[in-house]
Amino acid sequence: MKEDCIFCKIANGIIPTDFVYENDYVAAFKDINPKASTHVLVIPKEHYDSLNEVNDDKILLELLKGVKETAKALNLDNYRTVINTGKGAGQEVFHIHVHILSGKVLPKF
Ligand code: 5GP
Ligand code: ZN
């Protein structure tokens, strides 16, 4: 866990958060500032700054499986996934996360 990382704090229960889906590897929770009628973030419980830093293929697999399981838990048949990598691409939180967007999606995505 990275001490100053907000998503590590969420993943480790330091910031109490309702998970819409969780398993040993990932947690999914609602975005605080939603850009779609459904906007959920899926994160690995282990800290990686961005996709570029993930050096464990198991985590990549579990993250994508976590997206699928989260969509299933939310009963979503239609959704978009986004991974912003790097400041220039709009990444604001440097703990890798996959956005799940569904319903009415705002222009940013
Ligand atoms: P990024 O731009 O890094 O891809 O996306 C970061 C996302 O995290 C943004 O959509 C932002 O609204 C969301 N976010 C930032 N801080 C928090 C937080 O403390 N809790 C939750 N649930 N979402 C957050
Ligand atoms: Zn973190």
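Residues numbered from 1 in each chain as written. Chains lettered and ligands numbered in written order. Predicted model: local features only at pLDDT ≥ 70, side-chain atom pairs only at ≥ 80, totals over all residues. Heavy atoms only, no water.

A short note on the nonpolar core
In globular proteins that are soluble, nonpolar side chains generally tend to be buried together. Of all hydrophobic cores here, the largest spans 15 residues; its most connected members are Val-42, Leu-63 and Ile-100. Elements represented by at least two residues in this core include exactly strand S2 (26-30), strand S3 (36-44), helix H2 (57-73) and strand S5 (98-105). Examining the composition of this core, we find that four residues originate from one element, H2, more than from any other. Here Val-42 is in contact with Val-26, Ala-27, Ala-28, Leu-63, Gly-66, Val-67, Thr-70, Ile-96, His-97, Val-98 and Ile-100, once residues within four sequence places are set aside. In this structure, Cys-8, Ile-10, Ala-11 and Ala-27 belong to the second largest nonpolar core, which totals nine residues. (Core = buried A, V, L, I, M, F, W, Y, C linked by side-chain atoms within 4.5 Å. Buried < 20%, exposed > 50% of the residue type's maximum accessible area, 1.4 Å probe, protein only. Helix = DSSP H or I, 4+ residues; strand = E, 2+ residues; numbered from the N terminus. Contact = heavy atoms within 4.5 Å.)

Things to note about the pairing of S2
Burial within S2 is extensive, with four of its five residues counted as buried. Pairing of strand S1 (residues 21-22) with S2 involves two bridges; the strand directions are antiparallel. Paired with Tyr-21 across the two strands is Ala-28, which belongs to S2. The antiparallel pairing of S1 with S2 creates a hairpin that spans three residues between the two strands. For S2 and S3, the ladder comprises five bridges, and the chain directions are antiparallel. (Pairing = 2+ DSSP bridges.)

Observations regarding the pattern of salt bridges
Counting across every chain of the model gives four salt bridges. Residues Lys-45 and Glu-22 are paired through a salt bridge, measuring 2.8 Å at the closest nitrogen-oxygen approach. Separated by 23 residues along the polypeptide, Lys-45 in the loop between S3 and H2 and Glu-22 in strand S1 bring together distant segments of the chain. On the basis of relative accessibility, which here comes to 24%, the residue Lys-45 falls in the partly exposed class. Under the relative-accessibility criterion, Glu-22 is labelled partly exposed at 44%. (Salt bridge = Lys/Arg side-chain N within 4 Å of Asp/Glu carboxyl O.)

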